[in-house]
Amino acid sequence: MADIARITEVVEPEAKALGFDLVRVRLFKGGEIGDEEQTLQIMAERPETGQLVIEDCAALSHRISDAIDALEEAGEVLIEDAYRLEVSSPGIDRPLTRAKDFADWAGHEARVQLVNPVEGNRKSLQGDLVGIDGETVTLADKKSGEVSFALSDIHSAKLVLTDKLIAATRPLDSSGADEILEERED
């Protein structure tokens, strides 16, 4: 099994070199097309926008590929079998993976899966993020009310797509988006 911590050690400096923050590194088998090949998923963002454009993804993908290839040439194999590299922006309904995510997105709705159950033996929670204090996350769960749990007890968490979230996300430069150029046939 590949060492995600080691892969992250290799990937993070490549993201930082381009001015990006690393959001998530995940290795999983199978993909959207249902095959058995592994996928190394890298999510990163520009700190000022929370997004990446396609050119950013391409640049980061090349840097990561080059770094992994260089390690393999030196004798260190990070991922044993064939894999697909997927580099992307976290998207609007982004995963919450870092403590800062729980602070930055306080007030927005999130879906959280816990490792250890809380409040009536529940592992699945959904509601508005209240925030984070140290290593303790608080969520205003729709069923249980305000619930607090350790950041380390989170199996997965992501924002829920709502009108409020859409209104709060900062779009990339959209100047000219309302101008439509039409070709005329003469």
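In what follows, the structure referred to is the one given above.
Attention here is on the structure that accompanies the text. (Residues numbered from 1 in each chain as written. Predicted model: local features only at pLDDT ≥ 70, side-chain atom pairs only at ≥ 80, totals over all residues. Heavy atoms only, no water.)

### Looking at the side chain of D56
With respect to the helices and strands, the residue D56 is situated in helix α2 (residues 54–73). Ignoring anything within four residues of it in the chain, the contact list for D56 reads F20 and R46. (Helix = DSSP H or I, 4+ residues; strand = E, 2+ residues; numbered from the N terminus. Contact = heavy atoms within 4.5 Å.)

### Thoughts on the environment of A82
Its location among the elements puts A82 in the loop between α2 and β3 (83–88). Each residue touching A82, except ones within four places of it in the same chain, is listed here: E37 and Q38.

### Thoughts on a negative patch on the surface
On the surface, D66, D69, E72 and E73 cluster together into a patch of negative charge. Examined against the element boundaries, E73 turns out to sit in helix α2. With relative accessibility at 72%, the residue E73 sits in the exposed group. (Patch = residues over 30% accessible without salt bridge, like charges linked within 9 Å, V, L, I, M, F, W, Y side chains within 5 Å. Areas by Shrake-Rupley, 256 points an atom, 1.4 Å probe, with all protein chains shown as cover. Salt bridge = Lys/Arg side-chain N within 4 Å of Asp/Glu carboxyl O. Lys, Arg positive; Asp, Glu negative; His and termini not counted. Charge placed at Lys NZ, Arg CZ, Asp CG, Glu CD. Buried < 20%, exposed > 50% of the residue type's maximum accessible area, 1.4 Å probe, protein only.)

### What to know about the sheet that holds strand β7 (residues 145–150)
As summarised here, the arrangement of the 5 strands in space is β7-β6-β5-β4-β8, forming an open sheet in which the pairing is antiparallel. Of all strands in the sheet, those bounded by a partner on one side alone are β7 and β8 (154–159). On average, each strand axis in the sheet is inclined to that of its neighbour by 40 degrees, with strand direction left out of account. (Pairing = 2+ DSSP bridges. Axes fitted to C-alpha atoms, helices over the stretch in contact; angles between N-to-C directions.)

### Thoughts on the nonpolar core
Side chains of a nonpolar character, in soluble globular proteins, are inclined to be buried together. Ranked by size, the top nonpolar core spans 22 residues in total, and within it I7, L40, I42 and L60 carry the most contacts. Elements represented by at least two residues in this core include exactly α1 (4–17), β1 (21–29), β2 (38–45) and α2. Looking at this core, the element that brings in the most residues is α2, giving 6 residues. In this structure, L60 is in contact with E14, A15, L18, F20, I42, A44 and V87, ignoring residues within four places of it in sequence. Formed by 18 residues, the second largest nonpolar core is a distinct cluster that contains W105, V112, L129 and F149. (Core = buried A, V, L, I, M, F, W, Y, C linked by side-chain atoms within 4.5 Å.)

### Notes on the packing of α1 against α2
Look at α1 against α2: their axes get within 9 Å of each other, and the N-to-C directions meet at 135 degrees. Classified by the interaxial angle, the pair formed by α1 and α2 is oblique. Like other packed secondary-structure pairs, α1 and α2 cross with a definite hand, here right-handed. Residues R6, V10, V11, E14, A15 and A17 of α1 touch α2, and the partners they reach there are L60, R63, I64, A67 and L71. Its residues assigned to classes, the contact of α1 with α2 shows 8 nonpolar, no polar and 3 charged. (Parallel < 35°, antiparallel > 145°, perpendicular 65-115°, else oblique. Left-handed = near helix turned anticlockwise from the far one by under 90°. Nonpolar A, V, L, I, M, F, W, Y, C, P; charged D, E, K, R; others polar.)

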